[in-house]
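Examination of the molecular architecture
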Amino acid sequence: MTKPSVFSTRPLFPAARAILEQHFEAEYWTAPERIPRTELLRRVADKDALVCLLTEKVDEELLAAAPKLRAVATVSVGYDNIDVAACTRHKVVATNTPGVLDETTADFAWTLLMAIARRLVEGDAWLRTGSWPGWELDQLLGGDIWGKTLGIIGLGRIGSRVARRAQGFQMRILYHSRHRAPLGLEAELHAEFAELDRLLHESDFVTLHVPLLPTTRHLISAEALGKMKPSTYLINTTRGPVVDEEALARALQRGTIAGAALDVYENEPRVHPDLLGLRNVILAPHIGSATIETRTKMAVLAATNVAAIFAGQRPPNALNGDALGL
Ligand code: GLV
């Protein structure tokens, strides 16, 4: 019996390839540059399954170009690159990779938080110019972390891990979420639910952990930024469009907030040009989950998802499983 076919827009990692190759005739895009859209449409035209990255849009156009497609797996937890409703219309099962990157991404939110508060990147850049005169009493003064108020927007899988880490810093934790967390979790995390306005007013650090949805686009608007204190730092490790980048650049230029540390951008790979010249912002290249362990787990999970679909099993992470009666 011939195996179904899969196209992967990256060669993935050996452990994930082994799963794909056990179940599929697998093809990979191996060039160092990202696959051009026209090439992607051409390569999926006769495939049964697609493994893609968050940088590839799976939309009506792609689905129409791939009439045999039954499964799409994005190697990411965020799936704003996938039009899930269109997948359902085309009877294509869509999957993502939740659960395996929570701790790693929470680590990175903390990496950014600590680095911006203590001006680490600025200091490193200064030393590399060769002009550091040596220790000074008032040099590169940042803000304390311990004992401060951490505002977590989105207390889901990643947000709750960020909260757990804050306990070591004896922080007061406020959170805002679409749904209030169970009381047991609030108690365990020492996290207090707050309306968004209150969280913005009172937090010394605001960290974002909501997915990109129509309701969260520009959640951090000029108005929201205006509610933060001049000593507050904003951390974004979720999706760029959750923040109005233009408004953020203005707030940082005017010093109405103390700083921001970003891993994600509104129009990746473009970064708003006004951010590039600012010292009170850290700009990371979307590496929140980028550890060898976690990226391998994500690729393996994506491969496991597509393999399950063709083995007649419910994939672990179907986004439209119910709609397709799985
Ligand atoms: C990364 O941004 C992801 O969604 O996994």
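Residues numbered from 1 in each chain as written. Predicted model: local features only at pLDDT ≥ 70, side-chain atom pairs only at ≥ 80, totals over all residues. Heavy atoms only, no water.

1. Quick look at helix H1 (residues 14-23)
Each full turn of the α-helix corresponds to 3.6 residues, which orients residues three or four apart in the same direction. For H1, the complete set of buried residues consists of Ala16, Ile19 and Leu20. Angularly, the buried residues of H1 cover 95° about the axis, an arc narrow enough to put them on a single face. Every exposed residue of H1 that faces more than 90 degrees away from the buried side is listed here: Pro14 and Gln22. Looking at the packing, one finds that the buried side of H1 touches strand S1 (5-8), strand S2 (25-28), strand S3 (49-52) and helix H13 (292-310). (Buried < 20%, exposed > 50% of the residue type's maximum accessible area, 1.4 Å probe, protein only. Helix = DSSP H or I, 4+ residues; strand = E, 2+ residues; numbered from the N terminus. Arc of directions from axis to C-beta. Contact = heavy atoms within 4.5 Å.)

2. Some points on the environment of Pro269
Following the sequence through the fold, Pro269 ends up in the loop between strand S11 (259-262) and helix H12 (273-276). Residues Pro269 and His286, spaced 17 residues apart in sequence, show a C-alpha to C-alpha distance of 9.1 Å.

3. As for the packing of H1 against H13
At their nearest, the axes of H1 and H13 sit 8 Å apart, and the two run at 10° to each other. Here H13 runs roughly parallel to H1, going by the angle between their axes. On the side of H1, the interface is formed by Ala15, Ala16, Ile19, Leu20 and His23, while H13 contributes Thr296, Ala299, Val300, Ala303, Thr304, Val306 and Ala307. A class-by-class count of the residues in the contact of H1 with H13 yields nine nonpolar, three polar and no charged. (Axes fitted to C-alpha atoms, helices over the stretch in contact; angles between N-to-C directions. Parallel < 35°, antiparallel > 145°, perpendicular 65-115°, else oblique. Nonpolar A, V, L, I, M, F, W, Y, C, P; charged D, E, K, R; others polar.)

4. Brief notes about the packing of helix H5 (residues 102-117) against helix H7 (residues 157-166)
Where H5 meets H7, the axes come as close as 8 Å, and the angle between the chain directions of the two elements is 55°. As far as their axial angle goes, H7 and H5 are oblique. Helix-helix and strand crossings are classified by hand; for H5 and H7 the assignment is right-handed. Between H5 and H7, the residues in contact are Asp102, Glu103, Thr105, Ala106, Asp107, Ala109 and Trp110 and Arg157, Ile158, Arg161, Val162, Arg165 and Ala166, respectively. (Left-handed = near helix turned anticlockwise from the far one by under 90°.)

5. Topic: the domain arrangement of the protein chain
Each assigned domain of the protein chain is listed here: domain 1 (5-98 + 292-324) and domain 2 (102-283). For domain 1 and domain 2, the distance between their C-alpha centroids amounts to 32 Å. In terms of surface lost to domain 2, no three residues of domain 1 exceed Asp80, Pro98 and Thr294, which account for 61% of the buried area on that side. Across the domain 1-domain 2 interface, the total number found is one salt bridge. Between Asp80 and Arg239 there is a salt bridge, and its shortest N-O distance comes to 3.0 Å. (Domains from an automatic or database assignment. Buried area = accessible area lost by both parts, 1.4 Å probe. Salt bridge = Lys/Arg side-chain N within 4 Å of Asp/Glu carboxyl O.)

6. Quick word on the nonpolar core
Leu20, Val51 and Leu150 are the most contacted members of the largest nonpolar core, which has 50 residues in total. Per-element tally for this core: the top contributor is H5, with nine residues. Built from parts of two domains, this core gets at least three residues from each of domain 1 (5-98 + 292-324) and domain 2 (102-283). Setting aside anything within four residues of it in sequence, one finds Leu20 in contact with Val6, Leu12, Ala26, Tyr28, Val51, Ala303 and Val306. Counting residues in hydrophobic clusters, the runner-up holds 30 residues, among them Ile220, Leu225, Leu278 and Val281. (Core = buried A, V, L, I, M, F, W, Y, C linked by side-chain atoms within 4.5 Å.)

7. Here we look at the packing of aromatic side chains
Summed over the entire model, instances satisfying the criterion amount to four aromatic pairs. Ring geometry for Tyr175 versus Phe193: centroids 5.4 Å apart, planes at 80°, classification edge-to-face. Highlighted residues: Tyr175 in strand S7 (residues 172-176) and Phe193 in strand S8 (residues 191-193), separated in sequence by 18 residues. You can call Tyr175 buried: its relative accessible area is 0%. (Phe/Tyr/Trp six-rings, centres within 6.5 Å; stacked < 30°, edge-to-face > 60°.)

8. Section: the layout of surface pockets
Within this model, the second largest pocket holds a volume of roughly 330 Å³. Lining the second largest pocket we find 20 residues, and of these Ile116, Glu122, Arg279, Asn280 and Val281 sit closest to its centre. Mapped onto the lining of the second largest pocket, the elements with two or more residues apiece are H5, helix H6 (120-129), H12 and strand S12 (281-283). The dominant element in the lining of the second largest pocket, judged by the number of residues it contributes, is H6, at four residues. Here the residues of the lining of the second largest pocket sort into 14 nonpolar, three polar and three charged. (1 Å grid on protein atoms, 1.4 Å probe; cavity = no way out; pocket = protein on both sides within 12 Å on 5 of 7 lines; lining within 4 Å. Points joined across faces, edges and corners; volume = space filled by probe spheres on them.)

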